[in-house]
Structure formats: C-alpha cells, structure tokens
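Observations on chain architecture
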Amino acid sequence: MLLNLFQSKKQEENTLENEINSFFQDEKERRQKAESFVLMMLGLIPYAAQEVWGYKEDRMIIGDTVLFEMSSQHFFVKSTDGVELAVLELRGQPFWQSVQEIMNFAHDLLEDIQQREVGRNQLISSMDQLTQRIKDSSIAANHKKGLAIAQQVPQFVKNN
C-alpha cells in the first residue's frame, strides 16, 4: 500500500512536470508569434501615420497603456513609477495585455485604411470624370486652339 502511494505520488509529479513543460513550450511558440506580429506593426504604423494620416507627432497613443514612438519605432508602456518599458522586453501578463492593445489598434487601423481607400478611389474616379468633361468642353477646345479666354472670374471664385 505504501508502495502504491509512492508510485501514485511519483506519477502525479511526472504528470505535473509534463504539463508544465508542455505549457512552457506552447508559451514559447505563442510568444514568437506575438513578437512577429508586434514587429510587423512596428513597420506599418510609421507609414500609415505619416503617409495616410499626415501624423507629425513623435508619440502616438495605441491603447490604454501602450504608446508608439516614431523616432525609435518602438512600442512602450509607462510603469506606475513612470519608467518606460519596451513592450518586447515585457514578460507574462503585461506583455500579453500590451499585445492585445496593439491588436485592437491594428483592427482599427485596418478598418480606417479600408474606408480611406474606398473614399480615395471614389475621389480619383470623380476626378477622372471631371477631367474628361473638361477635356471635352469648349473651354479646353478653345484653349488648345490658342484662343484668348475671357478674363471674367466666375461668381463661385472668391477674390481676396
């Protein structure tokens, strides 16, 4: 009976050790995927901020605790004592909370860019149509012939 108790205890220890090792291995793989995602976002945010939004500030608020710094191209969080910690150097729950905030920002970023793309495509389409109408109009035809166009300014043009 004592031998059975000892064997049972040993099996529990082996099971616990296997579970912990499995968790650590899985956590390592999850961490690698999360770091790859964060690195991808480090490359995308500066482009979107500057080229799409015209953002000029050095720091951008990403979430409740995460900030992005353009000059260093890093995500960081401010600890309760005011120290700035790089997200990729965090461990455990603070790291995963930061990744969640970056993911939430990425969802918003993607939605914003998709909406802007639709709007800008509509703008270009309207511009193309207007350009064609101008080319087909008499004003373009007269301009091509070198005829002088009257110097009357239309009412919709505001003078200083």
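See the structure above.
The following refers to the structure shown. Predicted, not measured: the structure shown is a model, and the values here were computed from it. (Residues numbered from 1 in each chain as written. Predicted model: local features only at pLDDT ≥ 70, side-chain atom pairs only at ≥ 80, totals over all residues. Heavy atoms only, no water.)

Our next topic: the overall build of the protein chain. Helix and strand content of the protein chain: three helices and four strands. For the protein chain, the α and β elements follow one another from N to C terminus as α-β-β-β-β-α-α. Here the protein chain, with 160 residues, has 19% of them falling under the buried criterion. The long-range fraction of contacts in the protein chain, counting pairs at least 24 apart against all pairs at least 6 apart in sequence, stands at 46%. In the form shown here, the protein chain has an accessible surface area of approximately 12,900 Å², with 55% of it arising from carbon and sulfur atoms. (Helix = DSSP H or I, 4+ residues; strand = E, 2+ residues; numbered from the N terminus. Buried < 20%, exposed > 50% of the residue type's maximum accessible area, 1.4 Å probe, protein only. Contact = heavy atoms within 4.5 Å. Areas by Shrake-Rupley, 256 points an atom, 1.4 Å probe, with all protein chains shown as cover.)

For the structure on display, the rule yields four aromatic pairs. Each ring, one from tryptophan 53 and one from phenylalanine 105, has its centre 6.4 Å from the other, and the planes form 85°; the classification is edge-to-face. Highlighted residues: tryptophan 53 in the loop between α1 (2-52) and β1 (59-61) and phenylalanine 105 in helix α2 (residues 92-136), separated in sequence by 52 residues. Residue classification places tryptophan 53 among the partly exposed positions, given a relative accessible area of 27%. For phenylalanine 105, a relative accessible area of 11% puts it in the buried group. The interplanar angle of 80° and the centroid separation of 5.1 Å between the aromatic rings of phenylalanine 95 and tryptophan 96 together place this pair among those described as edge-to-face. The exposure class of phenylalanine 95 is buried, given its relative accessible area of 0%. On the accessibility criterion, tryptophan 96 (26% relative accessible area) is partly exposed. The residue whose ring lies beneath arginine 31 is phenylalanine 95, and the NZ or CZ to ring-centre distance is 3.6 Å. (Phe/Tyr/Trp six-rings, centres within 6.5 Å; stacked < 30°, edge-to-face > 60°. Lys NZ or Arg CZ within 6 Å of the ring centre and 35° of its normal.)

By volume, the largest pocket amounts to about 180 Å³. If you trace the largest pocket, you find it lined by Phe37, Met40, Met41, Leu44, Tyr47, Ala48, Ala106, His107, Leu109, Leu110 and Ile113. Put simply, the parts of the chain that give the lining of the largest pocket at least two residues each are α1 and α2. When residues in the lining of the largest pocket are grouped by element, the largest group, six residues, is from α1. Looking at the lining of the largest pocket, its residues break down into ten nonpolar, one polar and no charged. (1 Å grid on protein atoms, 1.4 Å probe; cavity = no way out; pocket = protein on both sides within 12 Å on 5 of 7 lines; lining within 4 Å. Points joined across faces, edges and corners; volume = space filled by probe spheres on them. Nonpolar A, V, L, I, M, F, W, Y, C, P; charged D, E, K, R; others polar.)

A separate point is the sheet that holds β1. Across the sheet, four strands lie side by side as β1-β2-β3-β4; this open sheet has antiparallel pairing. Two strands bound the open sheet, and with one partner strand each, they are β1 and β4 (84-86). Within this sheet the neighbouring strands show an average axis-to-axis angle of 35°, counted without direction. Relative to strand β2 (residues 66-69), β1 runs antiparallel, the two being bridged by three bridges. (Pairing = 2+ DSSP bridges. Axes fitted to C-alpha atoms, helices over the stretch in contact; angles between N-to-C directions.)

So, on to the nonpolar core. Ile45, Met60, Ile62, Phe68, Phe75 and Ile102 are the most contacted members of the largest nonpolar core, which totals 22 residues. Elements represented by at least two residues in this core include exactly α1, β2, β3 (74-78) and α2. Residue contributions to this core peak at seven residues, all from α1. Discounting residues that sit within four places of it in the chain, phenylalanine 68 has contacts with Leu42, Ile45, Pro46, Asp58, Arg59, Met60, Ile62, Gln73, His74, Phe75 and Phe76. (Core = buried A, V, L, I, M, F, W, Y, C linked by side-chain atoms within 4.5 Å.)

Quick look at the environment of valine 66 now. Within the secondary structure, valine 66 is located in strand β2. Not counting residues up to four positions away in its chain, the partners in contact with valine 66 are Met60, Ile61, Phe75, Phe76, Val77, Val87, Ser98, Glu101 and Ile102.

What follows deals with empty space enclosed by the protein. Counted by the stated rule, this structure contains one cavity of 30 Å³ or more. Reported here for the largest cavity is a volume of approximately 30 Å³. Lining the largest cavity we find Val38, Leu42, His74, Phe75, Ala86, Val87 and Leu88. For the lining of the largest cavity, the secondary-structure elements that each account for two or more residues are α1 and β3. Across the lining of the largest cavity, the residue classes tally to six nonpolar, one polar and no charged.

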